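Spelled out from the first residue to the last, the chains are:
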Amino acid sequence: FGLAVPRYPSPAREVGHRRTARPKMLSLASSYTAFGFAPGAAAAVLPARRVMIAAASHPAMSATGTETLDFTGGALRNNKDLTDTDLTRMGRRARPNIDWSNLRARLEVEFGFKEEELKQYDDVSKADLLKGYEMMQLCRQFENACNQAYMQGHIRGFMHLDNGQEAIPALIADAIKPGDKAVSYYREHTHALAKGVSPDAIMAELWAKDGGTCRGTGGSMHIYDKETNFQGGWALVCEQLPYAAGAARSILLDRQLDPDGTKDDDRIAVVFVGEGGAQNGRMAECLNAAAKENLPLLFIVIDNGRAINTFTPDVAANNDVFEQGQHYGVPGIRVDGGSMEQTLKTGRAVVDYVRTKGPAIMQVHTYRFQGHSPADPEHERGRKDEKKWARAEADPIKLFEADEAASGLDLDGALKSVKAVVKQSLDFARESPPPPAELAKEL
């Protein structure tokens, strides 16, 4: 077709993987859309397998001819001699080339959305984009303040920062309702912020102060807030998954016990897990439970390429976590977390699917700018060059600021506003008293 291969040729499967396309039928127009075309009317119908074979046979669409990005010395340069496989051997990853037409096609084929339904997700209003940007900046400034407080000795113990992954909390603030139950892992400050937990209470918890969400007894990895239905960070890898399945099951139980009172109930549970943690057996168990009982459960897979400090492709036979649900009939999709707008569009559709139909997986490709924790010297294999490149070229905040969609928005005003919020949270934590000694008796 004369184009570089999209890294997400949905609805057919990606080139070069050990998978075959499902024998589903799709229109030629859908096939063109999946490959990034703007098709006219096309009535022909082709099996997805034939579309994949046609793409794989074309030189410009073969796995060996993929245009990728090299990170040498932090410089961004086109390098057609490097394939994604080459980069993987170097311990590096290129940003996925996924556009809205790719995502739209997968939502149609895998999630069953109709064309008329998909139109509602084509645009994000200026007001919502500004809210998303403000949430990303709140998360970035909050995490920067936490890092500084940690270095000053105000925060102790384990702490894990979320810089570079802010499109995910922007989605949570945009599409997840106060009544929805959220269960996270140990890197959860920004998820709590997006769910509506008070920044003051989060910061005080990190400072081990009585004004914290758990009165200073939980710390960074154990933010919990009953009022906003934020049911924790959990410290052990993947231990949050079964609790989230239980949270989703409790929603169904509420509906069974009180069908009249819950007739308009559209609550869901959302759980966050890393792509490394998703290789854990609990993921399979919870996918099975979610599919068997049709739980309203959304799995958000935060794919930053690192399982703590291990380059995930070194230990995972298949990094396409969004496809893990195929065995159970649970649809999945992958989105570029460098694009807040595409993350919001896709996330809105997937969340609506979970509210009305059942469980789903959304894998968000991101870059974690910091090491595993502030105590981490960031000596992971090949990470220095990649982080330098990622901060310059894959920062969701910088990418949005440079996007045409940001034109006319008061970005400076939003940044000024969130800085005031963060300063207030630091003042609150500093002034909050430590937990009383008698609290130890209750633990």
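Residues numbered from 1 in each chain as written. Predicted model: local features only at pLDDT ≥ 70, side-chain atom pairs only at ≥ 80, totals over all residues. Heavy atoms only, no water.

Right, let's talk about the environment of Ala429 for a bit. Note that Ala429 resides in helix H15 (residues 411–431). For Ala429 and Ala204, which are 225 residues apart along the polypeptide, the C-alpha to C-alpha distance reads 4.2 Å. Residue contacts for Ala429: discarding those within four places in its chain leaves Met203, Ala204, Trp207 and Lys209. (Helix = DSSP H or I, 4+ residues; strand = E, 2+ residues; numbered from the N terminus. Contact = heavy atoms within 4.5 Å.)

Formed by 73 residues in total, the largest nonpolar core has its most connected members in Leu107, Phe272, Ile300 and Phe400. If you tally residues by element for this core, the top one is helix H6 (residues 126–151), at eleven residues. In contact with Ile300, other than residues within four places in its own chain, are Ile168, Leu171, Ile172, Val270, Val271, Phe272, Val273, Met362 and Val364. The next biggest cluster of nonpolar side chains, apart from the first, holds 23 residues, and it includes Leu241, Ala247, Val273 and Phe322. (Core = buried A, V, L, I, M, F, W, Y, C linked by side-chain atoms within 4.5 Å. Buried < 20%, exposed > 50% of the residue type's maximum accessible area, 1.4 Å probe, protein only.)

What links the strands of a sheet is backbone hydrogen bonding, and the strands pair in either a parallel or an antiparallel sense. Here six strands make up an open sheet; going across it, the order is S6-S5-S7-S8-S12-S11 and the pairing parallel. In this open sheet, the two edge strands, each paired with only one partner strand, are strand S6 (230–233) and strand S11 (332–336). Mean inter-strand twist for the sheet, computed between neighbouring axes without regard to direction, equals 15 degrees. Of the strands in this sheet, strand S5 (181–184), S6, strand S7 (269–274) and strand S8 (297–303) touch helix H10 (residues 240–257), which is tilted by about 170 degrees from S7. (Pairing = 2+ DSSP bridges. Axes fitted to C-alpha atoms, helices over the stretch in contact; angles between N-to-C directions.)

Running from amino to carboxyl end, helix H9 (residues 199–206) crosses H15 at an angle of 45 degrees, the nearest separation of the two axes being 8 Å. What the angle tells us is that H9 and H15 run oblique. The handedness of the crossing between H9 and H15 is right-handed. Of the residues in H15, those touching H9 at Pro199, Asp200, Ala201, Met203 and Ala204 are Val421, Gln424, Ser425, Leu426, Phe428 and Ala429. A breakdown of the residues in the contact of H9 with H15 according to their chemical character gives eight nonpolar, two polar and one charged. (Parallel < 35°, antiparallel > 145°, perpendicular 65-115°, else oblique. Left-handed = near helix turned anticlockwise from the far one by under 90°. Nonpolar A, V, L, I, M, F, W, Y, C, P; charged D, E, K, R; others polar.)

Confidence along the protein averages 79 in pLDDT terms, with 77% of residues attaining 70 or more. Confidence drops under a pLDDT of 50 for residues 1–81, and excluding neighbours within four residues, the segment shows 165 contacts in the predicted structure. (pLDDT = per-residue confidence, 0-100.)

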